[in-house]
Structures are given as C-alpha cells and as structure tokens.
Amino acid sequence: MDKDATQAEEKQNTNLEEVVRQQTVRRNILLTTPALVVLFIAASGPLLVMFLFSFLTPGDYGGVKWEASTQAWFQVFFHTDIFDDTVSIADAHLSILWRSVKLSGLTTILCFVLGFPTAYFIATRPAESRNFWLFLVTIPFWTNLLIRTFAVLEIIRNAGVINSFLLAIGVIDAPLDMLYTDTAILLGMTYVYIPLMILPIYASLERFDFRLVEAGYDLYASRLKVLKRIIVPLIKPGVIAGSILVFIPSLGAYVTPRILGGGKNLMLGNLIELQFGQGRNWPLGAALSLTLLAIVMIALIFYVRSAQRAGAGKDS
Amino acid sequence: MYAVRSGPVLVKIANMMFKQKFSVTRMPGFSVVAMICFFALYMPLAPLVIYSFNEGNNIALWEGFSLRWYGSAWENELVQGAAIRSLIIASFASVFATIFATMAALGTTRTKPYRGQMTIYAMINQPLMVPEIVTAVALLILFALIKQATNYHGFAYLIIAHTAFCIPFAYLPIKARLEGMDNTLEIAAADLYARPFKTFRRITLPLLLPGIFAGAMLAFVISLDDVVITEFVKSAGQDTLPTYMLGQLRRAITPEINAISTVLLGVSVLLVTLIFFMSRKRGN
Amino acid sequence: MSEKNAAVLIDKAEKVFGKDSDRVVALNGVSLTILENEFFTLLGPSGCGKTTLLRLIAGFEQPTSGRIHLHGKDISYLPPYERPVNTVFQNYALFPHMTVAQNVSFGLEMLEKPRAEIDKTVNEMLKLVQMEALRDRRTDQISGGQQQRVALARALAPHPKVLLLDEPLSALDYKLRKEMQIELKRLQNETGITFVFVTHDQEEALTMSDRVGVMNNGNILQIGAPHEIYDHPSERFVADFIGDTNFLTAKITSRSDELLTIKLSSGIEISVSAGNEVVGKDAVTLAIRPEQTTISNSVESTELQGVLRNIVYIGTDTHYHVGIDDESLFTVRVQNIHGRQQNFEIGQNVGINIDSNMVQVLKD
C-alpha cells in the first residue's frame, strides 16, 4: 500500500519534470520564432525559390516562363552552338569558374603568408600593446568593403600613387597597367580579406602556451623546427578557420572583381549577375548560384572535417 | 683597478648593444612582414582621404586644400536621399535584428539540447556562410515574384533583407555574453524572492546589455556598409550610399566620392572603436 | 529533542537525475529533522548528495519523490522565490552590476518592503558583518573575505527562517577560513536563525556545528553532536572519513546484555559495550582512534603486540606505525608534551595499550 503510494507519487513527479521540460522547449521555440521567420523569408526561403527557378525556362525579357526545363543546369557546363546545334563544353563558364577557384586559392595563400607572421607578431606583443595592434586589424575588418576596394583602385590606376611614385624615382618609364587584370583582383581581394585570416590565427596563438616553445628549444630544436613542429601543428585549427573565412567570400566575390576587373576579368559572382542583367537568363543565373553554393558547401564540409581532425588530438 | 672591475660590465653592455638577447618568442623576419602588412592595410586609405580635400576635379592631381567636395556632396540631392535611406534602413534593420537576436540567444543558450536546435543554428548562421551574391540573386527572384503579385515596391524589402543578414552579427556577441554569464546569479535572485520576470529585468537584462549594445552597433555598421544585397533588392530610386557610390564608379570619378567615402569611413571607425573599447573594458 | 520544534523536516526525499541508462541517484530516500535555531552541518565527500539536499530545501531542484516541510508547511514544490529560505552560495553569486548595499537590499526590494525599512535593515546587516565602510563599492572591488561577508548579509537581510550555506568557506585561505568559522558561529548566535551548512571539511563541521549529519552515496549514515560522531562512529565510512582510525577485526567469544567479550588477534580478550546491531554476528570490526592508545617497550599485559615499522614526527605529535600482523599497520599517536622523545627504535618489538572504553564496535 505504502509502496504503491510512493510509486504513484514518483510517477506524478516525473510527469511534473516532463511538463517543466516541455514548457522550456516551448519557451525556447517562441523566443527563436521571430528571428527564424525573418531568416526564412529573407535567407533560406529565397534559396528554395531559386532552386525551383533553376528548373524553369527563361522569359524573353528577364524573369521566367512557368515551363519546366533542365536547360539551365545543362548550360552551366555545356554550350550548344546556335547554328549547327553541336554540343561542346561551356568554355566561357568553366574558365570563369577556374579563374574564381584559382584567384580564391591564391588569395588564401597570400593572406596566409602575410597574415600568419602578422598574427604571430600581435600575439607576442606585451599584453598592453597587444590590444592596440589588434585594433589596427579590426578597424579595416569592419569598414566598408566598397570603400576599401575603391582605395585599391585609386592607388593602382595608371595615374595612381604607385605609378606616380615609380615614375618619379625613375624605376619605370611608362605607367604599369595594373588595373583590370587578374593581379589587380588578387591584390584587391587579399587587401580586403586579410583581416579574416589574421583574426582567427591570432585567436589560436593567444591561447597558445609559449612554454611549449621553451620546451622545444630546451630539447635542441632550431627556430624553424620549433615553428614547424610545435607552433604550426598546435594552431592548425586557427589556420584552417582563417583559410576558409578567406576562401569562401573570395569565391563569391562580386564587388572587388567588378571594380578591379573592369568587366573583362569576370568571376563567378559577376557571371551570375550577368544572367540577371544583360543575359536575361534567370534560370541559368539560379543554376550558377547553386553551383557556387555547392562549391562553398564542399569547402565548408572539408573545413568541418579537418577542424574535427585537428581538434581530435587536443582538448579544445 | 677600476678598469678590471668595469671589464665585465663593458662586456655586458656590448652584448646588449650588438647581440640580440635570446627571446623565446622571436621569429626572424616576422616583425618585418607584420610591419609591411600594417603599412599595406592603411596606406591605400591615405590618398582616398587626402584627395577628398582636393581643390581640383582630379583624384590624382593635388591642387590645394578645399572642403568644396564635401559641400558638393552635401548639396547633391541624390547623395542626400541615399544617405537618408541608408540611415533609415540601418536603424530599422539593426533594431529589429537586435531584438530578434536577443530573443533567439535567450532561446538557444544555457538550455539543455533540444530537437531542432542544430537547424536553428544553421538558419541563424546562414547569412555568414552563403555567399552574399547567392543570397542577393535569390532575394531578387523571390521579391520580383512578390512585387509582381502585390505591386508593392516600397522600403520593406530592403529592411527585411537587411534585418535577416544583420541577425547573426547581432546574435554572436549577445550569445557570447550569455554563455559567459554566471548561472548562479539568476538562481541567487530567485532565492532572494525575485519572480522570473523580475529576475530577467533586474539581473539578466542588465548583465546582457553590453552584448546587446555591441550587437546592435555591429548590425548597424553591417547594414550601413552593405552593397551586394541592396544592389539586387532595391527598386528604382532606392539607392543607398554604397550603391550610389558603386554606380558612380562607372563614370568619371570626382573627389566627391572620396568625400563620401571619408565620411562613411569615419562613421565606421567611430562605431567600431566604441565597440572595441567597450567590450575590452567590460571584459576585465 | 521534543522541547524544540522542527525547522526543516525532510521525509524520504529521493532525487534521481537523468533517465534509464543515465540514471543517477543523488539522494536515496533521505529523512532528516533539523531543529529550530540549530547549526546543522551536512558533511560528506563530493558527490555524496549533500549539495543536492541543500538545493532541494532551497527549491532549486524538486524531489523525485518524498516531501520537504518548513515549519510544518509542505514546500516540496514551491519555487525558490516563494520559500522563506536564503542561500549563501559557494561562489557567493554577488550581482556584479550592483554595489554592496544594493546587493544586500535586493531581497527586501523583491519582497516589496517599505523603503525606510529596507534602508534600516541594510544598515543593520552591513553593521553585523562589518561592511558599512564599503557599502558603495562594486562587488569586484572587494576582497574574497569581504565578498563572503556581503553574501552573508544579503542572505540574512530578509530574515529567512532557515539560512543555507553551500561550502561558503572553501574559496578562502586557511587563516581567513578560521576567522570566518568563528564569525559564522557568532552570527548564528546573534540572529537565532537556523543554519544548514554543507561542507566536505570535517574540521569545519566539528568546530561549528550543534549537530552533524554524515552523508555518503545519497544516504545519511549518522546524525549526532560532533563529539558523538567522532567518539562513537556507527559505521566504517564515518570512522574513516572523520579523523584517523585503526580498524581491527575480532571474534566475539561471549555476549551478555550490552556487553560483548571479544578476542583480539593477540589472543587477549576485552569487554566492550555494543548495541543490538551485532546480534547474530560472530565477528565484528572495531574502530580505535590512534590518540586513544599508548605504546610501550614492554610487551607484557598489553592488548596488542607488534614490530615498530616507522616513526613519523609531525610537530605536535609523533606517529608510531606498528606491524601487528603480516598486512596491517596500527597507528599510535603520542602527543609531544615534553618535546621530541626518542624512546623507541625501528624494528623493535612494542606493546600497544588500548582503553576498552574507547573501542567502538561498528555496524558493518
């Protein structure tokens, strides 16, 4: 009798706990709903609509006709000759895709080569001055990308600061044609995205225990060996994070190649825009956007995998 | 006698002068690269700012100091309109994004994991992961459909688009603040007879405020600086300052652009400096 | 026990965390009565359930089954803000965005007391813990000991019926801890509030408490005054957890009423008093405190004999470790009243005298 009563009470109380838990979940869902609604309307929802559009037929003056078609996806990779209907690889698209991947990769490497020593420099400053250096990196990080690209445009143009300076000291006789080249885009993207490399590497180095370096030297390692065998392996998560943070926006860059590439040297972002402007092929634009998204997702999956692998050996 | 004694001292001084002391953290060449990097980060901004004060029409030929381009930008009705639109959109978007992000942070932090939490994280962080151009054309497609159906071409599209991509920027500092908060403070408040709403108002909210403030300012800066999404979402005559400037870059560039850039640059630097020092001060 | 009223009555409180395979029983049907104006200490190792029990009384957790009564009223499922009970937290949990005085007044404000009364009580409380001078300081601008005082004042200000203290001294250094022990005892005397104190520090428990409850594995093993717990531990765990103890097993040779005659390994028989818990057993475990034994050079007529294995000098005392059989060492503690004595040599045979009145027969 007594035991039954206890069991009944226990059951009732577990139900009570369950009720409290459900209330918490309901409260959490209510709290997140407004943000999720906005994000669904203006972030994830549009992607779904775009997916649908990539299977429609382009309208004559932009927009779409509501007729199903896989033509857009076909056009991403293949080209049909308008005179004899022969199918060939879409050279123009693939060369733009290749340029995007190549320039993004080079940007990432350049950002690392310059950014790693800079992050290291900041992390090894005394605590008081460290904030100052960090602040110098943070400022450009939060300033307008358009303005910074415009600043690069001004200094590399024919009558810009660099050419004027080189002409004045007599290194060159005629201005260097730097603007509207792949190099200009590369320089511009490196300039614009380098804070995204420095900050995560710095974050890793800040947590790095420099007594490990002392231990390395104590065990007869040279500076280069210490760098290669101790520092770099331990801050790998920061390096990977920085690389992905630079690579992804570079791949989808639109403003920088538009301003510094001058309409000749297109990247994926510009190719996509073209389909919604002069090209008037919205389904192709949608398919190209989704292709870009797919590449980014692959890069992200690669990032998560290597971050897990890099993190597996350590506590963090 | 004196010479003998001072001998070792001289050796020490010589060592200090000519041989660098062994330092555990030093890596040869790194400081040089870092200095080049800092120089390169700021050097391009100098001509931009300097030529905004140029007397002449050229952005490469110095003709004397003048505020004429600031005056001309100030009186340019297109610039005025764009500036006002930029401010309106940034204000609305940052306020909405901050409110929603604060709620979302309260609903996703310091709670037992529940089903769908990963989806919520993915959705909140989507604007950070998906390239802006992709979101921009997706919004163009969706809003074109809605514009066609409703014939409404107003500001709401821009405000909702900006709110969406500002949410993760507002969310991150608020979430970080919440995670760093001591749980027992709220338990202590409940122990001292504070009902849940009072606990929120008197303890949680005041402690969260620096995070909310930082989040709001970041959202404001991000909205103010946006080019790509605005460029694709805006209807005719809805230029913001950045899209106005992007349009102008196609034409002959006058120092007016430099003047506008310098002002925008100033606003960003001011806000970021504020956030930076506030978060440092509160962090200690 | 009948002349005093129960402040807190815990009736078969059980607390289970998690479900199914993750199921952890934190409290295993604990029943306990804490009296009015009592300084009651829950003592036990970490994870024994003492903090869970405290949190059940405070209302931060609800019992899985069982009841909790406060002055006769069932409070088992009341939220913390409806219980006239306050807590001093282990990490103090002072509100960092408020001053010392604002922290102390918080509870009174929540109870919507009139302003004048709040000000008066805050002043009294700050005076009580000697913190008047620092009343307008931010809580991160004062030392750990001062934070401790503010936490106390804050919890005492609403005049709770019971004050709960969750290892409040563990963050302080040794000297400050000693001071605060005396201070806490003084506060309890002056305010007359029931204190329920949780600690893993046996010395703290013995110094301050009126009664101590020793806990392990979600059970209360023994409740009693400090000297009862120390001199008459009922179980091996209690004897082992509090102070140093020698354990001996011995055969029961005869029993009469409450007197037991047992035979030690040396063959010597002694008589000890025991309750009915040993009924039906033929062997028992004995607990003998090292300071309640003496060591001698003669092995004649001593209760135990053995070989001296080690001598450890620790200032106030000297410990002699004696091998009484092949496995176990028996410790004898001798106070160094006349300074360090060197009457014994390692390896020699020694005898151990045991006062049979101080031998405790254990339940298990």
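Owing to the predicted nature of the structure, the values given are computational and were not obtained by experimental measurement. (Residues numbered from 1 in each chain as written. Chains lettered and ligands numbered in written order. Predicted model: local features only at pLDDT ≥ 70, side-chain atom pairs only at ≥ 80, totals over all residues. Heavy atoms only, no water.)

Here we look at the layout of surface pockets
Step number 1: In this structure, the second largest pocket spans a volume of roughly 2,200 Å³.
Step number 2: Every element with two or more residues in the lining of the second largest pocket is listed here: helix H1 (2–53) of chain A, helix H9 (183–191) and helix H10 (196–225) of chain B together with strand S1 (6–17) of chain C.
Step number 3: Broken down by element, the residue count for the lining of the second largest pocket peaks at 13 residues, all from H1 of chain A.
Step number 4: Of the residues belonging to the lining of the second largest pocket, the class tally is 20 nonpolar, 13 polar and 16 charged. (1 Å grid on protein atoms, 1.4 Å probe; cavity = no way out; pocket = protein on both sides within 12 Å on 5 of 7 lines; lining within 4 Å. Points joined across faces, edges and corners; volume = space filled by probe spheres on them. Helix = DSSP H or I, 4+ residues; strand = E, 2+ residues; numbered from the N terminus. Nonpolar A, V, L, I, M, F, W, Y, C, P; charged D, E, K, R; others polar.)

A look at the sheet that holds strand S7 (residues 162–166) of chain C
All names here are of chain C.
Step number 1: Here we have six strands laid out as an open sheet, ordered S6-S7-S8-S3-S9-S10, and mixed in their pairing. Every interior strand has two partners, whereas the edge strands, strand S6 (85–88) and strand S10 (219–224), have only one. Going across the sheet, the axis of each strand differs from the next one's by a mean of 20°, ignoring polarity.
Step number 2: Where strand S3 (residues 39–43) lies against strand S9 (residues 211–216), four bridges are found, and the strand directions are parallel. Within the sheet, the bridge partner assigned to Leu43 lies in S9 and is Val214.
Step number 3: Its contacts with the sheet place helix H1 (residues 50–58) against S3, S6, S7, strand S8 (194–199) and S9, and it is angled at close to 145° to S7.
Step number 4: Sheet contacts for helix H5 (residues 174–191): S3, S7 and S8; angle to S8, the most-contacted strand, approximately 160°. (Pairing = 2+ DSSP bridges. Axes fitted to C-alpha atoms, helices over the stretch in contact; angles between N-to-C directions. Contact = heavy atoms within 4.5 Å.)

Focus: helix H3 (residues 91–123) of chain A
Step number 1: The end-to-end C-alpha distance of H3 of chain A, which contains 33 residues, comes to 46 Å, matching closely the 48 Å that a straight helix rising 1.5 Å per residue would cover.
Step number 2: Helix geometry: H3 of chain A is bent most strongly at Gly115 of chain A, by close to 30°, with proline Pro117 of chain A lying one to four residues after it. (Expected span 1.5 Å × (residues − 1). Bend = angle between axes of the 7 residues up to and from the residue.)

Details of the sheet that holds strand S5 (residues 73–74) of chain C
Residue and element names in this part refer to chain C.
Step number 1: Spatial strand order, S2-S1-S4-S5: four strands in an open sheet with antiparallel pairing. Single-partner strands in this sheet number two, and they are strand S2 (24–35) and S5.
Step number 2: As defined by bridge partners, strand S4 (residues 65–70) adjoins S5 across two bridges and the pair is classed as antiparallel. Paired with His69 across the strands is Asp74, a residue of S5.
Step number 3: Against the sheet, H1 engages S1, S2 and S4, with an angle of about 115° to S1.

Thoughts on the packing of aromatic side chains
Step number 1: What the rule picks out here adds up to 31 aromatic pairs over all chains.
Step number 2: Taking the centre distance of 5.8 Å and the plane angle of 80° together, the rings of Phe53 of chain A and Trp66 of chain A count as edge-to-face. Remark: Trp66 of chain A occurs in strand S2 (residues 64–68) and Phe53 of chain A occurs in helix H1; sequence separation between them is 13 residues.
Step number 3: What makes Phe53 of chain A buried here is its relative accessible area of 1%.
Step number 4: Centroid distance Phe96 of chain B to Phe100 of chain B: 6.2 Å. Interplanar angle 10°. Geometry classified as stacked. In this pair, Phe96 of chain B and Phe100 of chain B are both assigned in helix H5 (residues 77–108), four residues apart and thus about one turn of the helix distant. (Phe/Tyr/Trp six-rings, centres within 6.5 Å; stacked < 30°, edge-to-face > 60°. Buried < 20%, exposed > 50% of the residue type's maximum accessible area, 1.4 Å probe, protein only.)

A look at empty space enclosed by the protein
Residue and element names in this part refer to chain A.
Step number 1: Tallying each qualifying case throughout the model produces two cavities of 30 Å³ or more.
Step number 2: Looking at the largest cavity, its volume works out to about 60 Å³.
Step number 3: Surrounding the largest cavity, Val76, Phe77, His93, Leu94, Leu97, Leu268, Leu271, Leu288 and Thr291 form its lining.
Step number 4: Among the secondary structure elements, those contributing two or more residues to the lining of the largest cavity are helix H2 (71–77), H3, helix H12 (268–276) and helix H13 (282–312).
Step number 5: Residue contributions to the lining of the largest cavity peak at three residues, all from H3.

Some details on the packing of H3 of chain A against helix H7 (residues 182–207) of chain A
Helix-helix packing is described using two parameters, namely the angle between the two axes and the distance between the axes.
Residue and element names in this part refer to chain A.
Step number 1: It is the contact of H3 with H7, at a shortest axis distance of 6 Å, that shows an interaxial angle of 45°. On the basis of their axis angle, the class for H3 and H7 is oblique. When you trace H3 past H7, the crossing you get is right-handed.
Step number 2: For the contact of H3 with H7, a count of residues per class yields 21 nonpolar, six polar and three charged. (Parallel < 35°, antiparallel > 145°, perpendicular 65-115°, else oblique. Left-handed = near helix turned anticlockwise from the far one by under 90°.)

Let's talk about unusual backbone geometry
Step number 1: The backbone of Arg280 of chain A sits at a positive phi, close to 50°, despite the residue not being glycine.
Step number 2: Here Arg280 of chain A lies in the loop between H12 and H13.
Step number 3: In this model, Asn37 of chain C sits at a positive phi of 60°, which is unusual for a non-glycine residue.
Step number 4: Relative to the assigned elements, Asn37 of chain C resides in the loop between S2 and S3.

Remarks on the interface of chain A and chain B
Step number 1: Taken together, the contacts link 83 residues of chain A with 83 residues of chain B.
Step number 2: Summing the contributions of chain A and of chain B, the shared interface buries around 7,600 Å²; its carbon and sulfur component is 81%.
Step number 3: Viewed at the interface, chain B and chain A are joined by one salt bridge.
Step number 4: Notably, a salt bridge pairs Arg258 of chain A with Glu231 of chain B, separated by 4.0 Å at the nearest N-O pair.
Step number 5: Counting every contact that joins chain A to chain B gives seven residue pairs in polar contact (both at pLDDT 80 or more).
Step number 6: Here the side of chain A that touches chain B gets 21 residues from one element, more than from any other, and that element is H1 of chain A.
Step number 7: Each residue belonging to the side of chain A that touches chain B can be placed in one class, and the counts come to 63 nonpolar, 12 polar and eight charged. (Buried area = accessible area lost by both parts, 1.4 Å probe. Salt bridge = Lys/Arg side-chain N within 4 Å of Asp/Glu carboxyl O. Polar contact = N/O pair within 3.5 Å; in protein donor to acceptor, adjacent residues only side chain to side chain.)

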